[in-house]
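Structural characterization, general
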Amino acid sequence: MSPGLTEFSVIARQIQQEREVAATTVDPLLSSTSREQLSRLSEHSDLRTFGALERIGNLVAARLHDEPTYGLMLAELAVAIAERITEPAYPAVLIHQIRGYAWKDFGNALRVLARYDESLEALRRAERYLEDHVALTHDLAQVRFGLATTLQEMQRYEESLALYAECREVFRRHSDGRRVVLSSFAEGVLFQRLRNYRQARETYLLLLASHREIDKETVAALHHAIGSCCVELGDYPEADANLLRAIPIYRELGMAVQIQQAEMMRGRLFLRQGDCELAVSHLRPVRRQFLRLSLIEEAGLCGLEIVETLLTMGSAGRVMMAESLARRIVEEFTSASLATRAITALGYLSEAIAARKATAALAKEVREFVLSLRTAPEREFSRLTATG
Amino acid sequence: MPDSIAPEAGDEAAYEHYFATLSAIAALQFQIPAADAEVLANEVLLASLRHRLNESNAERWLVGAITSAARGYR
């Protein structure tokens, strides 16, 4: 009999049992606890298990994008619990794994809330726990993937790229095809963000051609991304072909927001092709759909594409329409209490249009600024192309 | 290695099987002393519990994990 067999058998059964218990106890316990009281649950014995922490980790991931503040609270709770779990409850390697995941989730939640320095610190802490055990290399790569994303948000692009490549290699070695795809995709996104559209497109195309098992959602996202790069590269037929490949897949998957985002990119494509009438008539229903989905920011960004197009057209009537639309976007952003910095930039655009000093380039600059606030909410609007 | 088992849920046969194989990889391929190779194999198998391996991915994942662990061994 192998020396570790008894320990393994006991732990494996224990974890299985904990998972079964957690599936029925964790969610009701969390949902019956007010947010103010959540941190007190770190003392609750039902949550001080591997299975319960794993369940909380899944909930953090599920809630993070819709309710990031709640996701962060859950992640913070998981850290507090994980730090209280000690040997002999589990072998050392599992305790380090438990703590590593808790800190990873916490670091990722902080990043979503744009608290990048703290995110980096939390992910470094996760790294330190996992580095202690060479058996945790795959777990460590997951932490470093998060670290690469935080570094990207901090504009530390070289470090980010190097980490994505390192993670991809670890995932490849573990035959973790899904994460290999994610790592490559992340590299492509980074190139795209750096406006290196050619290299981004190449990364995406290589991924599509890699014969890896790629799920439908990722295939659609790849076509969408390739289409977006092609728009920027002026390769319009390929842009449209790829966007038109993405849209039916999104439709099949019921991804309403992504459908409209791909359609918005087609609107930009029509503008770049010089067909302003088509761009405006295409973008208007897209904007309406965003409003119907209560996606005020997306609707505003789409509206700014229309404003840019109307200003490109330049006739007095079109400029008046641009002015009215820009004012409506300001009102929508204000009613929805969206970022003050975005409202300031939009207000500036409205005033510039009213004074007949705005250009299509200014509308584009404001749109890019509003978009950039998603990852750099502290950024100030600088009037680079403003006239007058 | 047969690919019909995963070391989940206290499956002792799967554990014994993978333990022997992973220890052998660490010891023979990476010249790690036998006792340490066994410790590594055991830790990799314990760590794998988090990953809910199944019949189709267990072997490849575990071989990748022991290879990574052996490379990091000092």
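Keep in mind it's a predicted model, so treat the numbers as computed, not measured.

1. What about the packing of helix 6 (residues 137–153) of chain A against helix 7 (residues 157–173) of chain A?
Residue and element names in this part refer to chain A.
- Interhelical geometry of helix 6 versus helix 7 gives an angle of 155° and a closest axis separation of 8 Å. The angle between helix 6 and helix 7 places the two elements in the roughly antiparallel class. Our pair here, helix 6 against helix 7, has a crossing hand that is left-handed. Contacts between helix 6 and helix 7 involve Thr-137, His-138, Ala-141, Arg-144, Phe-145, Leu-147, Ala-148, Leu-151 and Gln-152 on the former and, on the latter, Tyr-157, Glu-159, Ser-160, Leu-163, Tyr-164, Glu-166, Cys-167, Val-170 and Phe-171.

2. Comments concerning unusual backbone geometry
Residue and element names in this part refer to chain A.
- Here the amide bond leading from Glu-87 into Pro-88 is cis, since omega sits at 5°, within 30 degrees of zero.
- One can find Pro-88 in the loop between helix 3 (68–84) and helix 4 (92–112).
- Even without glycine at this site, Arg-195 takes up a positive phi of about 65°.
- For Arg-195, the position within the fold is in the loop between helix 8 (177–193) and helix 9 (197–208).
- Residue Arg-195 is classed as exposed on the basis of its 10 C-beta neighbours within 10 Å.

3. Details of the confidence of the model for chain B
- Summarising the model, chain B shows a mean pLDDT of 87, and 86% of its residues fall at 70 or more.
- Scored by ipTM, the complex comes to 0.90, with pTM at 0.84.

Cut-off values and rules
- Residues numbered from 1 in each chain as written.
- Chains lettered and ligands numbered in written order.
- Predicted model: local features only at pLDDT ≥ 70, side-chain atom pairs only at ≥ 80, totals over all residues.
- Axes fitted to C-alpha atoms, helices over the stretch in contact; angles between N-to-C directions.
- Helix = DSSP H or I, 4+ residues; strand = E, 2+ residues; numbered from the N terminus.
- Parallel < 35°, antiparallel > 145°, perpendicular 65-115°, else oblique.
- Left-handed = near helix turned anticlockwise from the far one by under 90°.
- Contact = placed C-beta atoms within 7 Å.
- Buried ≥ 20, exposed ≤ 12 C-beta atoms within 10 Å, placed from the backbone.
- pLDDT = per-residue confidence, 0-100.

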